Amino acid sequence: TQLLEQSPQFLSIQEGENLTVYCNSSSVFSSLQWYRQEPGEGPVLLVTVVTGGEVKKLKRLTFQFGDARKDSSLHITAAQTGDTGLYLCAGARSGGSNYKLTFGKGTLLTVNP
Amino acid sequence: NAGVMQNPRHLVRRRGQEARLRCSPMKGHSHVYWYRQLPEEGLKFMVYLQKENIIDESGMPKERFSAEFPKEGPSILRIQQVVRGDSAAYFCASSPIGQPGQENTEAFFGQGTRLTVV
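Residues numbered from 1 in each chain as written. Chains lettered and ligands numbered in written order. Predicted model: local features only at pLDDT ≥ 70, side-chain atom pairs only at ≥ 80, totals over all residues. Heavy atoms only, no water.

Structural notes on the overall build of chain B
The following threshold applies: Comment: elements are numbered from the N terminus, with helices defined as DSSP H or I runs of at least four residues and strands as E runs of at least two. Values of the radius of gyration come from C-alpha atoms, whereas the globule rule sets the reference at 2.2 Å times the count of residues to the power 0.38. Remark: exposure states derive from per-residue accessible area (1.4 Å probe, protein chains only) relative to the maximum for the residue type, with buried under 20%, exposed over 50%, and partly exposed in between. Contact between two residues is taken to exist if any of their heavy atoms lie within 4.5 Å; hydrogens are not considered. In these tables, accessible area is a Shrake-Rupley quantity obtained with a 1.4 Å probe, and a residue counts as shielded only by the protein chains included in the view.
Each helix and strand in chain B was counted, giving 0 helices and 11 strands. The N-to-C order of helical and strand elements in chain B reads β-β-β-β-β-β-β-β-β-β-β. Computed over its C-alpha atoms, the radius of gyration of chain B comes to 14 Å, within 12% of the 13 Å expected for a compact globule of 118 residues. In terms of overall dimensions, chain B has a C-alpha envelope of 40 × 30 × 25 Å along the principal axes. Burial analysis of chain B (118 residues in total) assigns 46% to the buried set. Counted over contacts in chain B with a minimum sequence separation of 6, partners at least 24 positions apart contribute 54%. Summing over all exposed atoms, chain B offers an accessible surface of approximately 5,900 Å²; the carbon and sulfur share of this is 46%.

In structure tokens, the structure reads:
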């Protein structure tokens, strides 16, 4: 059972367009993280959100954590070719096993020049 | 401050051989996690270690897989008698305390070891 569903699975857009990718679950997470992974590399942390309803901005990237802490979205404004990569969300549960991150399968974003 | 260092980056083994993957955590980090990424799959938790202790190995196959994090030296993920299904990217992450999902204590990932079993 995939606890974190990411959509869309693939996204190909032109430079300058806006986009939103989603991370959904039926489970509650104490926090949620977004990573970007480039081919042949490890995931690089972009942001951690911990409070329901929280919105964080990182330059052209806006991250939102759902009120119920079950879902999250990543919005990119005016995408650039350098934004190309695999975007992963990962959730941490509360309680004794909060060290264990549950990852979605990712959204593979291609930004074309 | 060097990041998480994994080696080798690429490893090719024949079926039945042993694979040994190494991970040096970030300076000051004493908590290490191993994840496996299969093609078309997300990263899956394998094991969580602190120095000289295995805290949680619930994600690791019961047979052929073992992990250690000795007092001195890197963490080692060892796969004995490898099979084709072990081919994957293996990532190590480290954090300063055992709460990688929290702000200011996040885990940082290495570049991974890509294991190919032929």
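Picking up where we left off.
What to know about the overall build of chain A
Going by this rule: Neither His nor the chain termini are counted; the positive set is Lys and Arg, and the negative set is Asp and Glu. Just so you know, the charge point we use is NZ for Lys, CZ for Arg, CG for Asp and CD for Glu.
Regarding its fold elements, chain A presents 0 helices and 11 strands. Listed N to C, the secondary structure of chain A is β-β-β-β-β-β-β-β-β-β-β in terms of helices and strands. Relative to the 2.2 N^0.38 estimate, which gives 13 Å for 113 residues, the radius of gyration of chain A is 14 Å and therefore close to what a compact globule would have. Counting every position in chain A, which comprises 113 residues, the buried fraction comes to 45%. Looking at chain A as shown, the accessible area adds up to about 5,100 Å², and 49% of this sits on carbon and sulfur atoms. Within chain A, one finds 10 positive and 9 negative side-chain charges whose respective centroids are separated by 8 Å.

Quick look at the pairing of strand β5 (residues 43–50) of chain B
For a regular strand, the rule is simple: side chains alternate between the two faces of the sheet. All names here are of chain B. Formally: A pair of strands is considered paired only if DSSP assigns at least 2 bridges between the two.
Counting buried positions over the 8 residues of β5 gives 6, a clear majority of the element. Between the end of strand β4 (residues 31–37) and the start of β5, which pair antiparallel, lie 5 residues, with Glu40 showing a positive phi angle near 70°. Here 3 bridges tie β5 to strand β6 (residues 53–56), and the two strands are oriented antiparallel to one another. Pairing of Tyr48 across the sheet is with Asp56, part of β6.

A word on the sheet that holds strand β1 (residues 5–7) of chain A
Within a sheet, neighbouring strands are paired by backbone hydrogen bonds and run either parallel or antiparallel to one another. All names here are of chain A. To keep things clear, this is the line we draw: Interaxial angle, 0 to 180 degrees, is taken between N-to-C directions of lines fitted to C-alpha atoms, where a helix line uses only the stretch in contact.
The antiparallel open sheet is built from 5 strands, whose spatial order is β1-β3-β8-β7-β6. Unpaired on one side and paired on the other, β1 and β6 (55–58) mark the two borders of the sheet. Taken over all neighbouring pairs, the strand axes of this sheet differ in orientation by 15° on average, direction set aside.

Structural notes on the sheet that holds strand β8 (residues 75–79) of chain B
Residues and elements named next belong to chain B. A sheet is described by the order of its strands in space; here 4 strands give the open sequence β1-β3-β8-β7, paired in antiparallel fashion. Looking along the sheet, the strands with just one partner apiece sit at the ends: β1 (5–7) and β7 (65–68). Each neighbouring strand pair of the sheet contributes to a mean axis angle of 15°, computed without reference to strand direction. The sheet contact formed by β1 and strand β3 (residues 19–24) spans 3 bridges and is antiparallel. The residue bridging Asn7 from the neighbouring strand is Arg22, located in β3.

With respect to the confidence of the model for chain A
Our working rule: What pLDDT reports is the predictor's confidence in each residue, on a scale of 0 through 100.
For chain A, mean pLDDT is 93; residues scoring 70 or higher make up 98% of the total. By mean pLDDT, strand β10 (residues 101–103) of chain A is the weakest element of chain A at 93, and strand β3 (residues 19–24) of chain A is the strongest at 98.

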